[in-house]
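What follows is each chain in one-letter form.
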Amino acid sequence: MEKLPKIAMPLIIGAVILFIVISKSLVTIGPGEGGVLFEPLGDGINTERTYGEGFHIVAPWNDMIVQKVRQQSISENMNVLSVNGLDITVSGTIWFEPEFKNLGRLIQTKGVDYIRELLNPAINAAAKSVVGRYTPEQLYSSKRDIIELEILEEVRNELDGQYVNVKRVLVENVKLPTTIKDAIERKLKQEQESLEYEFRLVTAKKEAEKVIIEAQGKADANRILSASLTDKILQDKGIEATVKLSESPNSKTIIIGSGESGMPIILGNQ
């Protein structure tokens, strides 16, 4: 009985050590994440392998660095200058994802905080380069889609070979000084009103042309009809009408002769 405590203590200590070793050796990588192994007794970051989702067993003296590898987004407010030197605030969102197979190289060269160290500077540099080519009016209105594509291309050039893929750039808002914004909106309103007035003029002109064409068509039809009505046709039509009138039971027609054109001369009917 006296020996039991002496035996139990090492067992307890051994169980605690075993639990610590097992807990250090079992690593869980969650959905949309990847892991790279840091080997302090070896060459540091293992760049040859990226671990995927699930349970992994590693040596207790090594550390697993876990990072998101799915598509992510960050939003930025950037102060930039337009082509004429006007201070402008551009708000945008960037969609990106690290290269899964090169996650170890990304962490080794840029660190776990690669978004701040690498991505943010590239985005700001691209935005300043692109926005500096345009006037405030272009930034505020018609050039938004083109600017997004140009910023995306610039960011990709900045990050070429840096193990990060940028999927899309969205320019959400362009904030101009109030006086400049109001002047642009007034100009756009005037242009819209001018376009609307020109549209009404074109519509009215087309309606007038339509009326003229219809009238001309009717006049041409009447002229053709008149030209086709020869004396012979008129005579035949007159005889046809006289015959129908004489056949009517309620009327009596007296024909006393015909005129020079051959049309019958009707004395009267009863």
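Quick look at the structure, then. On a predicted model such as this, the values are computed, not experimentally measured, just so you know.

### Some details on the overall build of the chain
Assigned secondary structure in the chain consists of 7 helices and 10 strands. In the chain, which comprises 270 residues, the share counted as buried stands at 27%. Relative to all contacts within the chain whose residues are 6 or more apart in sequence, the contacts with residues 24 or more apart total 63%. When the accessible surface of the chain is split by element, carbon and sulfur atoms take 57% of a total near 18,200 Å².

### So, the sheet that holds strand β5 (residues 63-68)
The sheet built from 3 strands is open, its strands ordered β3-β2-β5 with antiparallel pairing. Every other strand in the sheet has two partners, leaving β3 (44-45) and β5 as the edge strands with one partner each. Contacting β2 (33-39), β3 and β5, helix α2 (residues 103-110) crosses the sheet at an angle of about 60° to β2.

### Examining the pattern of salt bridges
By the definition in use, this model includes 5 salt bridges. With its nearest N and O atoms 2.6 Å apart, the salt bridge here joins arginine 133 to glutamate 154. One end of the pair, arginine 133, is in the loop between α3 (114-131) and α4 (136-140); the other, glutamate 154, is in helix α5 (residues 144-158), and 21 residues separate them in sequence. One connected set of salt bridges, linked through shared partners, spans Asp113, Arg116 and Glu117.

### What about the nonpolar core?
Residues Leu119, Ile151, Leu159, Val164 and Val166 are the most contacted members of the largest nonpolar core, which totals 35 residues. At the level of elements, β6 (72-81), β7 (87-98), α2, α3, α5 and β8 (164-175) are the ones that each hand at least two residues to this core. A per-element tally of this core places α3 first, with 9 residues. In this structure, valine 164 is in contact with Phe96, Glu97, Pro98, Glu99, Leu106, Tyr114, Leu118, Leu119 and Leu159, ignoring residues within four places of it in sequence. The next biggest cluster of nonpolar side chains, apart from the first, holds 6 residues, and it includes Val27, Ile29, Leu37 and Met64.

### Focus: the sheet that holds β7
Each strand in a sheet pairs with its neighbour through backbone hydrogen bonds, running either in the same direction (parallel) or in the opposite one (antiparallel). With antiparallel pairing, the 3 strands of this open sheet are ordered in space as β6-β7-β8. Two strands in the sheet have a free side with no partner beyond their single neighbour: β6 and β8. Along the sheet, successive strands turn relative to each other by an average axial angle of 25°, direction set aside. Across 10 bridges, β6 lies against β7 in antiparallel orientation. Note that in β7 the partner of glutamine 72 across the bridge is phenylalanine 96. Across the sheet, α3 is in contact with β6, β7 and β8; its angle to β6 comes to roughly 45°.

### Overview of the pairing of strand β1 (residues 26-29)
Working note: regular strand, side chains alternate between the two faces of the sheet. Of the two faces of β1, the one lined by Val27 and Ile29 is fully buried and the one lined by Leu26 and Thr28 carries no buried residue. Inspection of the sheet shows β1 paired to strand β4 (residues 54-57) by 4 bridges, in the antiparallel sense. In the sheet register, valine 27 faces β4, and the bridge partner there is histidine 56.

### Looking at the environment of glycine 34
As for its placement among the helices and strands, glycine 34 is situated in strand β2. What makes glycine 34 buried here is its relative accessible area of 0%. With 69 residues separating them in the primary sequence, glycine 34 and leucine 103 have C-alpha atoms 7.8 Å apart. Apart from residues no more than four positions distant in its own chain, glycine 34 is found in contact with Ile29, Tyr51, Ile65, Val66, Gln67, Val69, Phe100 and Leu103.

### A look at unusual backbone geometry
Unlike most non-glycine residues, tyrosine 163 shows phi in positive territory, near 70°. Structurally, tyrosine 163 is set in the loop between α5 and β8.

### Some words on the packing of α3 against α5
One can describe the packing of α3 onto α5 by two numbers: an axis separation of 8 Å at closest approach and a directional angle of 135°. Classified by the angle their axes make, α3 and α5 are oblique. Where α3 crosses over α5, the handedness of that crossing is right-handed. Contact residues: Ala122, Ile123, Ala125, Ala126, Ala127, Ser129 and Val130 in α3; Ile147, Glu150, Ile151, Glu154, Val155 and Glu158 in α5. Here the residues of the contact of α3 with α5 are counted per class, giving 9 nonpolar, 1 polar and 3 charged.

### What to know about the side chain of serine 91
Within the element layout of this structure, serine 91 appears in strand β7. Here the side chain of serine 91 touches asparagine 77 through a polar contact of 2.7 Å, side chain to side chain. Look past the residues within four positions of serine 91 in its chain and what remains in contact with it is Glu76, Asn77, Leu170, Val171, Glu172 and Asn173.

What counts, and where the lines are drawn
- Residues numbered from 1 in each chain as written.
- Predicted model: local features only at pLDDT ≥ 70, side-chain atom pairs only at ≥ 80, totals over all residues.
- Heavy atoms only, no water.
- Helix = DSSP H or I, 4+ residues; strand = E, 2+ residues; numbered from the N terminus.
- Buried < 20%, exposed > 50% of the residue type's maximum accessible area, 1.4 Å probe, protein only.
- Contact = heavy atoms within 4.5 Å.
- Areas by Shrake-Rupley, 256 points an atom, 1.4 Å probe, with all protein chains shown as cover.
- Pairing = 2+ DSSP bridges.
- Axes fitted to C-alpha atoms, helices over the stretch in contact; angles between N-to-C directions.
- Salt bridge = Lys/Arg side-chain N within 4 Å of Asp/Glu carboxyl O.
- Core = buried A, V, L, I, M, F, W, Y, C linked by side-chain atoms within 4.5 Å.
- Parallel < 35°, antiparallel > 145°, perpendicular 65-115°, else oblique.
- Left-handed = near helix turned anticlockwise from the far one by under 90°.
- Nonpolar A, V, L, I, M, F, W, Y, C, P; charged D, E, K, R; others polar.
- Polar contact = N/O pair within 3.5 Å; in protein donor to acceptor, adjacent residues only side chain to side chain.

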